[in-house]
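Structure at a glance
Chain residues, written in single-letter form:
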Amino acid sequence: MAEFGDIRINDELTLPAWEVSEAFVRASGPGGQNVNKVSTAVQLTWHVEASSLPPDVKARFAKLYANRITKDGRLMLEASEHRSQALNRESARKRLAEMILRASRRPKRRIKTKPTYGSVKRRIATKKRRGEIKSLRGSVDPTE
């Protein structure tokens, strides 16, 4: 069984174990008597704003996962796909690490580009052609 200490995100980032709280609850679904007796599902809670992560990572995380964060700034993750408490715990921690890793990546800066001379000419020619087609749709004079 793996030891559940700090959550290592990458070489630079590690989430201390004390920032994450876990609660074990009974899982739903198949499992026979095991489901009724053993609390195998894990509910992982992490306070995003109070975290020791760098501010830019926290800001990106809050933006990426805004719909999953509660009003008081906590992220709730639930894992119940395994019948084992340890596997569910590992699964929830792995999911949290992947979410933080995604938020830690800085988005590429967009380099402004100018449309080419040819593309501007083609766009204007298309607009003129379209305008001509529409101008021919006018009402017909019955006297002619």
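Residues numbered from 1 in each chain as written. Predicted model: local features only at pLDDT ≥ 70, side-chain atom pairs only at ≥ 80, totals over all residues. Heavy atoms only, no water.

In terms of helices and strands, the protein chain carries four helices and five strands. The linear arrangement of helices and strands in the protein chain, starting from the amino end, is β-β-β-α-β-α-β-α-α. The C-alpha radius of gyration of the protein chain comes to 28 Å, more than 25% above the 15 Å expected for a compact globule of 144 residues. Its C-alpha atoms give the protein chain principal-axis dimensions of roughly 90 × 40 × 30 Å. Counting every position in the protein chain, which comprises 144 residues, the buried fraction comes to 28%. (Helix = DSSP H or I, 4+ residues; strand = E, 2+ residues; numbered from the N terminus. Rg over C-alpha atoms; globule rule 2.2 N^0.38 Å. Buried < 20%, exposed > 50% of the residue type's maximum accessible area, 1.4 Å probe, protein only.)

Let us now look at the packing of helix H2 (residues 55-64) against helix H3 (residues 85-104). Two numbers describe how H2 lies on H3: the axes approach to 8 Å, and their chain directions differ by 110 degrees. If you check the angle between H2 and H3, you find them roughly perpendicular. Of the two elements, H2 crosses H3, and the hand of that crossing is right-handed. Taken together, the residues of H3 that come into contact with H2 (itself represented by Val57, Arg60, Phe61 and Leu64) are Met99, Ile100, Arg102, Ala103 and Ser104. Looking at side-chain class alone, the contact of H2 with H3 contains six nonpolar, one polar and two charged residues. (Axes fitted to C-alpha atoms, helices over the stretch in contact; angles between N-to-C directions. Parallel < 35°, antiparallel > 145°, perpendicular 65-115°, else oblique. Left-handed = near helix turned anticlockwise from the far one by under 90°. Contact = heavy atoms within 4.5 Å. Nonpolar A, V, L, I, M, F, W, Y, C, P; charged D, E, K, R; others polar.)

So, on to the side chain of Thr45. Within the secondary structure, Thr45 is located in strand E4 (residues 41-47). Look at Thr45 and you get buried, because its relative accessible area is 15%. Non-local contacts of Thr45, meaning those with residues more than four positions away in its chain, are made with Glu19, Val20, Ser21, Arg74, Leu75 and Met76.

Before going further, it helps to examine the pairing of strand E5 (residues 74-79). By the alternation rule, side chains of E5 split into Leu75, Leu77 and Ala79, which are all buried, and Arg74, Met76 and Glu78, of which none is buried. Sheet analysis places E4 next to E5, joined by six bridges and oriented antiparallel. Looking across to E5, one finds that His47 is bridged to Arg74. (Pairing = 2+ DSSP bridges.)

Let's shift gears to the packing of aromatic side chains. In total, this model carries two aromatic pairs according to the counting rule given. Their ring planes at 85 degrees and their centres at 5.1 Å tell us that Trp46 and Phe61 sit as a pair that is edge-to-face. Of the two residues, Trp46 sits in strand E4 while Phe61 sits in helix H2, which places them 15 residues apart along the sequence. Connected via pairs of aromatic rings, a cluster forms that spans Trp46, Phe61 and Tyr65. (Phe/Tyr/Trp six-rings, centres within 6.5 Å; stacked < 30°, edge-to-face > 60°.)

Grouped together as the largest cluster of nonpolar side chains are 23 residues, with contacts concentrated most on Leu15, Trp46, Phe61, Leu75, Leu96 and Ile100. When contributions to this core are tallied by element, the ones reaching two or more residues are E4, H2, E5 and H3. Sorting elements by how many residues they give to this core places H3 first, with six residues. (Core = buried A, V, L, I, M, F, W, Y, C linked by side-chain atoms within 4.5 Å.)

This next bit is on the environment of Trp46. Given a relative accessible area of 0%, Trp46 falls into the buried group. Sequence-wise, Trp46 and Leu77 are 31 residues apart; in three dimensions their C-alpha atoms are separated by 8.6 Å. The residues touching Trp46, leaving out its near neighbours within four places in the chain, are Leu15, Glu19, Val20, Ser51, Leu53, Phe61, Gly73, Arg74, Leu75, Leu96 and Ile100.

Overall, the coordinates contain three salt bridges when judged by the stated rule. As a salt-bridge pair, Asp72 and Arg74 come within 3.1 Å of each other at their nearest N and O atoms. For Arg74, a relative accessible area of 34% translates into the label partly exposed. The network of salt bridges with shared partners includes Asp56, Arg60 and Arg106. (Salt bridge = Lys/Arg side-chain N within 4 Å of Asp/Glu carboxyl O.)

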